[in-house]
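Architecture at a glance
Residue-level listing of the chains:
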Protein chains: 2
Amino acid sequence: MIPTTAREIRLRSRPAGWPAPENFELCEVPVRQPDEDEVLVRNTHMSVDPYMRGRMSDAKSYVAPFALGEALQGGTVGWVAASRSQIPVGSWVRHDRGWRDYATIATKLAQPIDVNIAPPSAYLGVLGMPGLTAFVGLHDIGGLGPSDVVFISSAAGAVGSIAGQLAKAHGATVIGSAGSDEKVAYLTNELGFDAAFNYKNGRSVDQLRRLAPDGIDLYFDNVGGEQLEAALATLVDHGRIVACGMISQYNETAKAPRNLTAIVRSRLTMRGFIVFDHQARSGDFVREVAPQVKSGRIKFPESIVDGLENAPQAFIDMLRGGKYLGKVIVRLADAEARSPNTSS
Amino acid sequence: MIPTTAREIRLRSRPAGWPAPENFELCEVPVRQPDEDEVLVRNTHMSVDPYMRGRMSDAKSYVAPFALGEALQGGTVGWVAASRSQIPVGSWVRHDRGWRDYATIATKLAQPIDVNIAPPSAYLGVLGMPGLTAFVGLHDIGGLGPSDVVFISSAAGAVGSIAGQLAKAHGATVIGSAGSDEKVAYLTNELGFDAAFNYKNGRSVDQLRRLAPDGIDLYFDNVGGEQLEAALATLVDHGRIVACGMISQYNETAKAPRNLTAIVRSRLTMRGFIVFDHQARSGDFVREVAPQVKSGRIKFPESIVDGLENAPQAFIDMLRGGKYLGKVIVRLADAEARSPNTSS
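Residues numbered from 1 in each chain as written. Chains lettered and ligands numbered in written order. Predicted model: local features only at pLDDT ≥ 70, side-chain atom pairs only at ≥ 80, totals over all residues. Heavy atoms only, no water.

**Describing the interface of chain B and chain A**
On the chain A side, the residues contacting the 30 residues of chain B number 30 residues. Buried surface at the junction of chain B and chain A, both sides included, amounts to about 2500 Å², of which 64% is carbon and sulfur. The three residues of chain B that bury the most area against chain A are B:Leu260, B:Val264 and B:Arg267, which together make up 24% of that side's buried surface. Along the contact surface separating chain B from chain A lie two salt bridges. (Contact = heavy atoms within 4.5 Å. Buried area = accessible area lost by both parts, 1.4 Å probe. Salt bridge = Lys/Arg side-chain N within 4 Å of Asp/Glu carboxyl O.)

Laid out in structure tokens, this is it:
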């Protein structure tokens, strides 16, 4: 039963600093049946990701800003509820029209996913953009080698949790930082990190040096700020920094590291990247990672928030950190309850 | 006439923040005649360089700290006044026992220089460590290409003035920043820079964007701080930063750039280096640069300070910037007045 109307979340106003619930608006809109070469997708899970904060601003960025008064966008998965294309009804697809319960999209924007390898939500995390980010960051940007000592910040997050496991699978020694003792325990007990520390339990540079007395070779930076400062002080000569994100600086007056001169003194290389430039690596990524996901060797922690109406708060909480472990997913519908007329 | 005693400058105490004259001490010491396989050099010119500030501290660095109570060291040139080696008396050599009028050193530490290509002092600048720094930074670290728009800070300094001319000779468009209108005029009128600005005449980021409306491809960073911040805001996607030095941060609480997130957003690469790691490139460097120095195509501005007793103040003034143009050289003796018994 396809409803005639459904909900979407719009950007009502651009956040100044931290986003707040009043920047968002939940609206009821007609569900449009597909035209020729389109499908109507019942979205079941949507992603909230740090990069979306950038799109909420009007500033120049690597993707166009979200338009005020229009539905937000982002990675989502769901099943095809109506089709006028070669994709049959009932198929699982991934696309970029998240932040809404139903989406009518061109066939070429719908990417089929194999839910026999992993559940649909995994295609927003370990087998999606965060997983590809970890893979490209470690290999293409960071030049990961099996004898590297790797430090990963936000290590219990969507990207960090995968990066740490991929680095371990490659033979590296992996140290992570996170914001609670529970996350730290999870990293070492469940994800196989060699060591981890809670950045709230003392100065990061002291904790990192204690865990890596001979220094670190590679820093996978998801947060900037104090973690970057600790890494700069601990990297060996000719060490590398993968600048994947600086979530600590997206919403506040930047707390820049005070020891950037280490880049000269220790001959460091710091390299930024955006995963959207590296889609050509998707095939290599899936070939390497999907079997390890299917076998259970790579785990993919998820935090599930139910209901589109809770997506703005989930996004805000994800940005602030601390509340969630792993990939934050907003569940829009029960993935097991596909409509009877689509189960064929 | 070789004197029996001569002067040297010792490190009396380690500077806290900016060095001051009381950190230094001028002492009279015996002149030691050479033993077997040694030469006695009458130093005529010595170098004062930013990296020396690092060696005055006790912190871990890429070169050992200077010892308290002992003579400082650094690049110097002079002529051989007495010899028990295959290097004849009267030869010009470069070595690393500066900060003194006379030096008795092992033959292997004395590197002959050709004063028919350029005057002796040039071997402390354009044909010495600063020149090699510019060459390695542009080519090996920065991957300079002929269509690059290059921004160079401290562009009227020892390294910047050479880097700008080398980049121009390679076909690049070159923009420099400096701390006075006179220096800015010198860069464009004498050294062939395409454009230059005085960072004291308004916000650097505004001035840089005006001169490079389509952005810069390569930033050669000698100073860090506000210039680095301006570059981060102006670099094109996939732009590169050569982290050669951060003189603005050597003596004060660091003023870190507040926009490091540009490294991620613009996919920048920032790479630090130390010229001492790249001595193997000296041959290539001399082959490329020496003919251009001899022909006059590459100019090498120098600021000369007379007398060893003035070396500490020259070093301090060089670090603070603003006073000197080009390479700062302390002249210890008249290069034209070699002792009669050595002129054969």
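**Considering the sheet that holds strand β8 (residues 149-152) of chain A**
The strand order across the open sheet formed by 12 strands is β10(A)-β9(A)-β8(A)-β11(A)-β12(A)-β13(A)-β13(B)-β12(B)-β11(B)-β8(B)-β9(B)-β10(B), and the pairing between neighbours is mixed. Since the sheet does not close on itself, it has two edges, and those belong to β10 (195-198) of chain A together with β10 (195-198) of chain B, each with one partner. Between one strand axis and the next, the sheet turns by 15° as a mean value, whatever way the strands run. Strand direction decides the pairing type here: strand β9 (residues 173-178) of chain A and β10(A), joined by four bridges, are parallel. Bridged to A:Ser177 within β10(A) is A:Phe197. Set on the sheet, helix α2 (residues 129-141) of chain B makes contact with β11 (216-221), β12 (235-243) and β13 (269-272) of chain B; between it and β11(B) the angle comes to about 145°. (Pairing = 2+ DSSP bridges. Helix = DSSP H or I, 4+ residues; strand = E, 2+ residues; numbered from the N terminus. Axes fitted to C-alpha atoms, helices over the stretch in contact; angles between N-to-C directions.)

**Focus on the pattern of salt bridges**
Residues and elements named next belong to chain A. Scanning all chains against the criterion turns up 44 salt bridges over all chains. Note that aspartate 101 and arginine 42 form a salt bridge whose closest N and O atoms lie 3.5 Å from each other. Highlighted residues: aspartate 101 in the loop between β5 (92-95) and β6 (102-106) and arginine 42 in strand β3 (residues 38-47), separated in sequence by 59 residues. Accessibility assignment for this pair places aspartate 101 and arginine 42 in one class, buried. (Buried < 20%, exposed > 50% of the residue type's maximum accessible area, 1.4 Å probe, protein only.)

**Brief notes about helix α5 (residues 204-211) of chain A**
All names here are of chain A. Buried within α5 we find Ser204, Val205, Gln207 and Leu208. Projection of α5 onto a plane perpendicular to its axis shows the buried side chains occupying an angular sector of 165°, all on one side. Close packing links the buried residues of α5 with β8, β9, β10, β11 (216-221) and α6 (225-234). (Arc of directions from axis to C-beta.)

**Examining the packing of aromatic side chains**
Residue and element names in this part refer to chain A. Under the defined criterion, the tally for this structure stands at 14 aromatic pairs over all chains. Between the aromatic rings of phenylalanine 151 and phenylalanine 197, the centroid separation amounts to 5.8 Å while the plane-to-plane angle is 20°, which identifies the pairing as stacked. Of the two residues, phenylalanine 151 sits in strand β8 while phenylalanine 197 sits in strand β10, which places them 46 residues apart along the sequence. Here phenylalanine 151 falls in the buried class, since its relative accessible area comes to 0%. On the basis of relative accessible area, phenylalanine 197 is assigned to the buried category, the value being 3%. Put simply, the rings of Phe24, Trp99 and Phe315 pair up and form one aromatic cluster. For the cation-ring pair, arginine 320 lies above tryptophan 18, with the distance from its terminal atom to the ring centre recorded as 4.0 Å. (Phe/Tyr/Trp six-rings, centres within 6.5 Å; stacked < 30°, edge-to-face > 60°. Lys NZ or Arg CZ within 6 Å of the ring centre and 35° of its normal.)

**Details of the relation of the copies chain B and chain A**
Between chain B and chain A, the superposition needs a rotation of 180° and an axial shift of 0.0 Å, giving an RMSD of 0.0 Å. What the superposition gives is, in effect, a two-fold axis relating one chain to the other. Judged by C-alpha distance, B:Met270 is the residue of chain B that lies nearest the rotation axis, at 2.5 Å. When you check the interface residues of chain B against chain A, 100% turn up at the interface there too, and the contact is symmetric in its surfaces. (Least-squares fit on C-alpha atoms with pLDDT ≥ 70 in both.)

**Focus: the pairing of β12(B)**
Residue and element names in this part refer to chain B. In terms of strand pairing, β11 meets β12 through five bridges, oriented parallel. Bridge assignment links aspartate 221 to a residue of β12, and that residue is alanine 243. In this view, the connection linking β11 to its parallel neighbour β12 by way of helix α6 (residues 225-234) has right-handed handedness. As paired strands, β12 and β13 are joined by four bridges and run parallel to one another. Residue pairing for β13: arginine 240 is matched across the bridge by threonine 269. (Right-handed = clockwise from strand over helix to strand, strands pointing away.)

**Description of helix α3 (residues 158-169) of chain B**
Residue and element names in this part refer to chain B. With 12 residues, α3 extends 17 Å between its outermost C-alpha atoms, agreeing within 8% with the 16 Å of an ideal straight helix rising 1.5 Å per residue. Within α3, nine of the 12 residues are buried, leaving the element largely enclosed by the surrounding structure. Residues of α3 that are buried: Val159, Gly160, Ser161, Ile162, Ala163, Gly164, Gln165, Leu166 and Ala167. Where the residues of α3 are buried, they touch α2, β8 (149-152), β9 (173-178), β11 and α8 (282-294). Note on α3: the residue one or two positions beyond its end, glycine 171, has a positive phi of about 105°. (Expected span 1.5 Å × (residues − 1).)

**Notes on the side chain of B:Asp49**
Along the chain, the position of B:Asp49 falls in the loop between β3 (38-47) and α1 (51-55). At 2.7 Å, the side chain of B:Asp49 forms a polar contact with the side chain of B:Lys327. (Polar contact = N/O pair within 3.5 Å; in protein donor to acceptor, adjacent residues only side chain to side chain.)

**Some details on the domain arrangement of chain A**
Residue and element names in this part refer to chain A. When the domains of chain A are assigned, the result is domain 1 (5-125 + 300-342) and domain 2 (138-276). For domain 1 and domain 2, the distance between their C-alpha centres works out to 29 Å. The interface is formed by 18 residues belonging to domain 1 together with 13 residues belonging to domain 2. For the pair domain 1 and domain 2, the interface holds zero salt bridges. A breakdown of the residues in the side of domain 1 that touches domain 2 according to their chemical character gives 12 nonpolar, three polar and three charged. (Domains from an automatic or database assignment. Nonpolar A, V, L, I, M, F, W, Y, C, P; charged D, E, K, R; others polar.)

**Details of the pairing of β13(B)**
Here β13(B) shows a clear split, with B:Met270 and B:Gly272 buried on one side and none of B:Thr269 and B:Arg271 buried on the other. Looking at chain direction, strand β13 (residues 269-272) of chain A and β13(B) are connected through three bridges and run antiparallel. By the bridge assignment, A:Thr269 is partnered in β13(B) with B:Arg271.

**Quick look at the packing of α5(A) against α6(A)**
Residue and element names in this part refer to chain A. Here α5 crosses α6 at 45°, and the two axes come no closer than 8 Å. Between α5 and α6, the angle falls in the class oblique. In this structure, α5 crosses over α6, and the sense of that crossing is right-handed. Where α5 approaches α6, its residues Ser204, Val205, Leu208 and Arg209 are matched on the opposing element by Glu226, Gln227, Ala230, Ala231, Ala233 and Thr234. Split by residue class, the contact of α5 with α6 holds five nonpolar, three polar and two charged. (Parallel < 35°, antiparallel > 145°, perpendicular 65-115°, else oblique. Left-handed = near helix turned anticlockwise from the far one by under 90°.)

**Digging into the environment of B:Lys108**
Relative to the helices and strands, B:Lys108 resides in the loop between β6 (102-106) and β7 (111-112). The class for B:Lys108 is exposed, based on a relative accessible area of 76%.

**A closer look at the packing of helix α2 (residues 129-141) of chain A against helix α8 (residues 282-294) of chain A**
Residue and element names in this part refer to chain A. α8 packs onto α2 with a crossing angle of 100° between their chain directions and a minimal axis gap of 10 Å. In terms of orientation, α2 and α8 fall into the roughly perpendicular class. Residue-level inspection shows Gly131, Leu132, Phe135 and His139 of α2 in contact with α8, the latter providing Ser282, Asp284, Phe285, Glu288 and Val289. The residue makeup of the contact of α2 with α8, split by class, is four nonpolar, three polar and two charged.

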